[in-house]
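# Descriptive analysis of the structure
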Amino acid sequence: MSQEQPPVDAAVDRDPDARLEDGIALCLSGGGYRAMLFHAGALIRLNEMGVLPRIARFSSVSGGSIAAAKLALAWPRLAFDARGVSPRLFDLVIDPLRGMASRTIDASSVAVGALWFGSVGDRLAGAYDKHLFEGATLQDLPGAPRFVFNATNVQSKALWRFSKPYMRDWRVGEVRNPDLRLAVAVAASSAFPPFLSPVEIEVDPRSFTPGSGADLQRPPYTSNIILTDGGVYDNLGLETAWKRYRTLWVSDGGGGYDDEPDPKRDWAHHSLRVLSLIDNQVRSLRKRQLMAAFKSKERAGRYWSAFDDIAGLPCPDKLPCDFEPAAGLARVATRLKSMEPELQERLMNLGYAICDASLRSFDDPVTGAPPPKFPFDRGV
């Protein structure tokens, strides 16, 4: 009697007896423009503290991948000074992300993809290319630090990762040095189901490294790869960092889901509600895994979230962040929908303040003077 292959890799994709690597892995969660801007605020604070150059790996999904990809392309031009601070983060990364957040691209991608030639995924990738990435490929990423963009392989039920050295999942195998447009990788990572999913990638099966897949290295798995949002598998972007690094910083810009005493019964609204519950559970399970590892000292690091109550963090000189307004920001819809400048700045202020308070708390705080004010005048 044959046994079904499990949907996750039971044996990690590295020597189980090998030591975890030193260095910091920063994980950026999903959550549409809301998460993208929350992470942008965290990046501003990390830059001010001089710790961005210390990060060895950026692992991202969905909205986090939009921010990470723009940071990756800008990396060679950031010109970090002796303190580890870049004077160009705003003009090369933050301002372009704000420009992206001023455009609605999810609704137009769905409408045009449904009415004209090309898929929704094609339209989404085209919008990213036009407004952020300008035809760049994975080979335009820096060699170090490593940037990994995560999607979910609908065929193999496994995590599909994109990076400069390779794109792969453990069952299908790997393609070395992929010359794939960065916009396509980010579109796959942020293809929220059901409306923006799937993203399909045609690949020459001969480009796969022989013997690199566990059991699915054959067409159609190696010729037509069908992907959906990375958050379906891991909405914290934790997986690829977890297996390699001892120190994990996790920025969670995920949304909150209110109770619904009388949920809608029609298939469309009911499906969206169920997908939200699945997203919430996937995120919660990953967070429990991370918190347990921090408590047992198996891993070191920090976790900060758009839903954190900053008052509970043991950090002196915290920026003022009342919980109720902050929780309202965390509930902004997971969309790629245009945001007003005020909302953009409040989300970035929130990410900035929570990241700062988290890193300056607990037994091994990241050193640095407290920030005198928010990066934007509106507060949270």
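A brief structural summary. (Residues numbered from 1 in each chain as written. Predicted model: local features only at pLDDT ≥ 70, side-chain atom pairs only at ≥ 80, totals over all residues. Heavy atoms only, no water.)

Turning to the overall build of the chain, a few remarks are in order. From N to C terminus, the chain includes 11 helices and 10 strands. Per-residue burial for the chain yields a buried fraction of 55% across its 380 residues. A fraction of 75% describes how many contacts in the chain between residues 6 or more apart in sequence connect residues 24 or more apart. Only carbon and sulfur atoms are counted for the fraction: they give 53% of the accessible area of the chain, which is about 16,800 Å². (Helix = DSSP H or I, 4+ residues; strand = E, 2+ residues; numbered from the N terminus. Buried < 20%, exposed > 50% of the residue type's maximum accessible area, 1.4 Å probe, protein only. Contact = heavy atoms within 4.5 Å. Areas by Shrake-Rupley, 256 points an atom, 1.4 Å probe, with all protein chains shown as cover.)

Of the two faces of strand β4 (residues 159–162), the one carrying Leu 159 and Arg 161 and the one carrying Trp 160 and Phe 162 are both buried. Where strand β3 (residues 146–153) meets β4, four bridges bridge the pair, whose relative direction is antiparallel. Within β4, the residue paired with Thr 152 across the bridge is Leu 159. From the end of β3 to the start of β4, which pair antiparallel, there are five residues, and Lys 157 there has a positive phi angle of about 65°. When β4 meets strand β5 (residues 166–169), the two strands line up antiparallel, connected through two bridges. Paired with Phe 162 across the strands is Met 167, a residue of β5. Linking two consecutive strands that pair antiparallel, namely β4 and β5, is a turn of three residues. (Pairing = 2+ DSSP bridges.)

Before going further, it helps to spend a moment on the environment of Ala 35. Mapped onto the secondary structure, Ala 35 falls in helix α1 (residues 32–48). Along the backbone, Ala 35 and Ser 65 are 30 residues apart, and their C-alpha atoms lie at a distance of 9.6 Å. Excluding its chain neighbours within four sequence positions, the residues that come into contact with Ala 35 are Ser 29, Gly 30 and Gly 253.

Here the focus is the pattern of salt bridges. Applying the stated criterion across every chain, the model contains 19 salt bridges. With a closest N to O distance of 2.9 Å, Arg 45 and Glu 48 form a salt bridge. You can see Arg 45 and its partner Glu 48 sitting in helix α1, three residues apart, about one turn around the helix. Assessed through its relative accessible area of 4%, Arg 45 is described here as buried. On the basis of relative accessibility, which here comes to 39%, the residue Glu 48 falls in the partly exposed class. (Salt bridge = Lys/Arg side-chain N within 4 Å of Asp/Glu carboxyl O.)

By themselves, these are just geometric observations and shouldn't be taken as functional.
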